[in-house]
Amino acid sequence: MKYKISINQDILKIVALVAMTIDHIALIFPTIPFDWMGRYIGRISFPIFAFLLMKHLNQYQIYKKYVVRLGFFGILSYFILKPFQIHLGFPLALPLNILLSFLFAVLTLKVFSFCAQKKMNLLLKIIFSAISFLIFSFLAFGAQYGVIGFCYLLLLYFYFQKPNKYKTFLILFCSFFLNVESYQGVISFIMTYILLKVDFNKVYPRLIKHWCIFYLYYPLHLLLLASIAYFLKY
């Protein structure tokens, strides 16, 4: 893992957004040719978003900003898409979407950080941390990628704190089980292995300067695809 490749992180985000969009097209329009290929392509998006989020969170410790952003856009996406899901029957974001998956991990890490910084009994720190982990991992069962995705995110955070071969093994192990359907887990595993070789510390000029664009894209592209599917059906 010593050899590192370098790439602009905004380019990685764009690649993940394109892959996610292809995946959602295949999900919402299952009768299109090669819809299975779209689902395979989509498996690269979650590891990319997870790596970028956990690296940035580890570097800047901006838990509150991420809680607000992920919570707002995650809840917004849920209520925008719920009527379409009822009428169209597709399983997207049922019951909770990927932004809320990220939210549960960030909230857990926020509690861990709070306990680490406060002067309190070690036993109390362990109890509070354990309770937060259990609560948010339980909520993660109802979100995309489930509790495996939740653990994958936490492992990435601690990997970026101090990388070692044991954390690398656990991350790769989790990545294989992110998608248990057919061979999609292999795609997640390969993407994770590649990302472990990326140098996330190198700074590049921003291609898309406003953070809100990436968050807005999630509910808006789903709203567009779901609207098209609704009018085609009715």
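From a predicted model like this one, the values you see are computed outputs, not experimental measurements.

Conventions used here
- Residues numbered from 1 in each chain as written.
- Predicted model: local features only at pLDDT ≥ 70, side-chain atom pairs only at ≥ 80, totals over all residues.
- Heavy atoms only, no water.
- Phe/Tyr/Trp six-rings, centres within 6.5 Å; stacked < 30°, edge-to-face > 60°.
- Helix = DSSP H or I, 4+ residues; strand = E, 2+ residues; numbered from the N terminus.
- Buried < 20%, exposed > 50% of the residue type's maximum accessible area, 1.4 Å probe, protein only.
- Contact = heavy atoms within 4.5 Å.

(A) Seen up close, the packing of aromatic side chains. Under the counting rule described, the total for this entry stands at 20 aromatic pairs. Here F169 and F173 contribute two aromatic rings whose centre-to-centre distance is 6.2 Å and whose plane-to-plane angle is 25 degrees, an arrangement assigned as stacked. Taken together, the residues F169 and F173, both in helix α8 (residues 165-176) and four residues apart, mark about one turn of the helix. What makes F169 exposed here is its relative accessible area of 54%. On the numbers, 5.4 Å between centres and 85 degrees between planes, the contact of F176 with F177 is edge-to-face. F176 sits in the partly exposed class, given a relative accessible area of 39%. In textbook terms, an aromatic cluster arises when at least three aromatic residues are bridged by ring pairs, as seen for F46, F102, Y145 and Y152.

(B) Fine view of the environment of L57. Following the sequence through the fold, L57 ends up in helix α3 (residues 45-60). Once the C-alpha coordinates of L57 and M20 are considered, the two residues, 37 residues apart in sequence, prove to be 22 Å apart. The contacts of L57, once residues within four sequence positions are left out, are I62, Y63, Y66, V106, L109 and Y157.

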